[in-house]
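Okay, here's what each chain looks like letter by letter:
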Amino acid sequence: MNKLAAVSVIACLALLVGLIALTGPERLVAAFSDVPPALVVLALALVQVQIIASAFRWRFTAKRLGQEIGLDLAIREYYISSALNLVLPGGMAGDAVRAYRSRMEGVGGWKRPAAAVFLERLSGQIAFFALSFLGLLAWPLFLSERLPDQADALIWGISAVFIVGVLIAAVFWAEWLPQRFRAAGADIAAVFWKDRAWLVQGGLSVLIVGGYIAVFLIASRAVGAPLPAIAAFTAIPLCLMTMLIPAGIGGWGTREAAAAALWPLFGFTSAEGVAASLLYGVISLAGAAVPGGISVAVSLYRGRIAKS
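Notes on the structure follow. Treat the numbers as computed from the prediction; the structure is a model and nothing was measured. (Residues numbered from 1 in each chain as written. Predicted model: local features only at pLDDT ≥ 70, side-chain atom pairs only at ≥ 80, totals over all residues. Heavy atoms only, no water.)

**Brief notes about the environment of Val274**
And step 1. When you line up the elements, Val274 lands in helix α13 (residues 270-307).
And step 2. Val274 gets classed as buried once you look at its relative accessible area, which sits at 0%.
And step 3. Each C-alpha atom, one on Val274 and one on Arg255, is 8.4 Å from the other, the two residues being 19 residues apart in sequence.
And step 4. If we ignore the near neighbours within four places in the chain, the residues touching Val274 are Thr23, Leu28, Glu256, Ala259 and Ala260. (Helix = DSSP H or I, 4+ residues; strand = E, 2+ residues; numbered from the N terminus. Buried < 20%, exposed > 50% of the residue type's maximum accessible area, 1.4 Å probe, protein only. Contact = heavy atoms within 4.5 Å.)

Here it is as structure tokens:
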């Protein structure tokens, strides 16, 4: 870990500790003491749906690029990478490990696994950013009375900049992108366009993103802060977006800061927002790490039997 990465990790962890101190540790303890076990079990089940659907998306993406990945391997490796993304700096280390390990498993060379992992994650990010953009439009349309003065104009401005940026990127891709980068166009077409691949990519990505949001809604309800449905398109995507910042560890700290700022807009306290975000993180980590650890242990055990 370089110095900049170490500083960012320390800063995010310090932010988390500061948020807990400012919102009141006793309030967090009270929120967690009344968490209904049934909601936790439901959220954990949804995490399994997310990861298995993600493994299917990775397998589909890899197959479109000529890389065959067994379903058992895809599920096992996605559990491992999901857990690593939540505990290692940068939020993407698990994906790098997944690409490397798939190469080591003998399912292709280095370039195919790396491209498959990158484009699989891109599929999810496209769906996520599309939802976030709709959420930006929803703020001034449905929640303008809860926003500070001039905030709706700022949101419309950000949306306009986003649209212009997408148009410029599209023109740049079509007209001015250097030829050496256009070589990736064949892979992108194979993964997202040919033979209506976008239907599979879009369907799986919508299911996965919907799972993330549902788990966050359940976590918030579990700590006594049931958010309205509109929060699924507005507040929660903004919280999840902080996990994409390539700093810190799996969004810990930045995600809680966003929740602390946004939950009061829906009539709840910042402490409840922090509690909801922390519970979301714990559920996501447990839902990935426990099955991932079991699958690794089973594979190691089977390997020892085969060698004996």
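Back to the text.
**Some points on the packing of helix α3 (residues 37-64) against helix α10 (residues 197-222)**
And step 1. Their axes nearest at 9 Å, the elements α3 and α10 cross at an angle of 160 degrees. With respect to each other, α3 and α10 are oriented roughly antiparallel. By crossing handedness, the relation of α3 to α10 is classed as left-handed.
And step 2. By residue class, the composition of the contact of α3 with α10 is 18 nonpolar, six polar and three charged. (Axes fitted to C-alpha atoms, helices over the stretch in contact; angles between N-to-C directions. Parallel < 35°, antiparallel > 145°, perpendicular 65-115°, else oblique. Left-handed = near helix turned anticlockwise from the far one by under 90°. Nonpolar A, V, L, I, M, F, W, Y, C, P; charged D, E, K, R; others polar.)

**Side note on helix α12 (residues 254-262)**
And step 1. The element α12 is largely enclosed, with a buried count of seven among its nine residues.
And step 2. Buried within α12 we find Thr254, Arg255, Glu256, Ala258, Ala259, Ala260 and Leu262.

**As for the layout of surface pockets**
And step 1. The volume enclosed by the largest pocket comes to roughly 880 Å³.
And step 2. Together, 33 residues line the largest pocket, and Asn85, Arg121, Gln125, Tyr212 and Leu244 are the ones closest to its centre.
And step 3. Listed by contribution, the elements that provide at least two residues to the lining of the largest pocket are α3, α4 (71-87), α5 (93-104), α6 (111-142), α10 and α13.
And step 4. Per-element accounting of the lining of the largest pocket gives the leading share, eight residues, to α6.
And step 5. A breakdown of the residues in the lining of the largest pocket according to their chemical character gives 19 nonpolar, 10 polar and four charged. (1 Å grid on protein atoms, 1.4 Å probe; cavity = no way out; pocket = protein on both sides within 12 Å on 5 of 7 lines; lining within 4 Å. Points joined across faces, edges and corners; volume = space filled by probe spheres on them.)

**Some words on unusual backbone geometry**
And step 1. In this structure, Asp195 takes a positive phi of about 55 degrees despite not being glycine.
And step 2. Structurally, Asp195 can be placed in the loop between α9 (184-192) and α10.
And step 3. Unusually for a residue other than glycine, Arg196 sits at a positive phi of about 55 degrees.
And step 4. Structurally, the position occupied by Arg196 is in the loop between α9 and α10.

**Re the packing of aromatic side chains**
And step 1. This structure, assessed with the given rule, holds four aromatic pairs.
And step 2. Relative to Trp263, the ring of Phe216 lies with its centre 5.8 Å away and its plane at 40 degrees, an arrangement referred to as tilted. Placement of Phe216 in helix α10 and of Trp263 in the loop between α12 and α13 is noted, with a sequence separation of 47 residues between them.
And step 3. Ring centres 4.6 Å apart and planes at 10 degrees place the aromatic pair Phe216 and Tyr280 in the stacked group. Pair noted here: Phe216 is in helix α10 and Tyr280 is in helix α13, with a separation of 64 residues, a long-range link.
And step 4. An aromatic cluster of at least three residues, connected via ring pairs, comprises Phe216, Trp263 and Tyr280.
And step 5. The ring centre of Trp58 lies 4.7 Å from the NZ or CZ of Arg98, which sits over that ring. (Phe/Tyr/Trp six-rings, centres within 6.5 Å; stacked < 30°, edge-to-face > 60°. Lys NZ or Arg CZ within 6 Å of the ring centre and 35° of its normal.)

**Notes on the pattern of salt bridges**
And step 1. Summed over the entire model, instances satisfying the criterion amount to seven salt bridges.
And step 2. With a closest N to O distance of 2.2 Å, Arg121 and Asp95 form a salt bridge. Of the two residues, Arg121 is situated in helix α6 and Asp95 in helix α5; the sequence distance between them amounts to 26 residues.
And step 3. Look at Arg121 and you get partly exposed, because its relative accessible area is 22%.
And step 4. In this structure Asp95 comes out as buried when scored by relative accessible area, which is 7%.
And step 5. The partner of Glu120 in a salt bridge is Arg98, with the nearest N and O atoms 3.2 Å apart. (Salt bridge = Lys/Arg side-chain N within 4 Å of Asp/Glu carboxyl O.)

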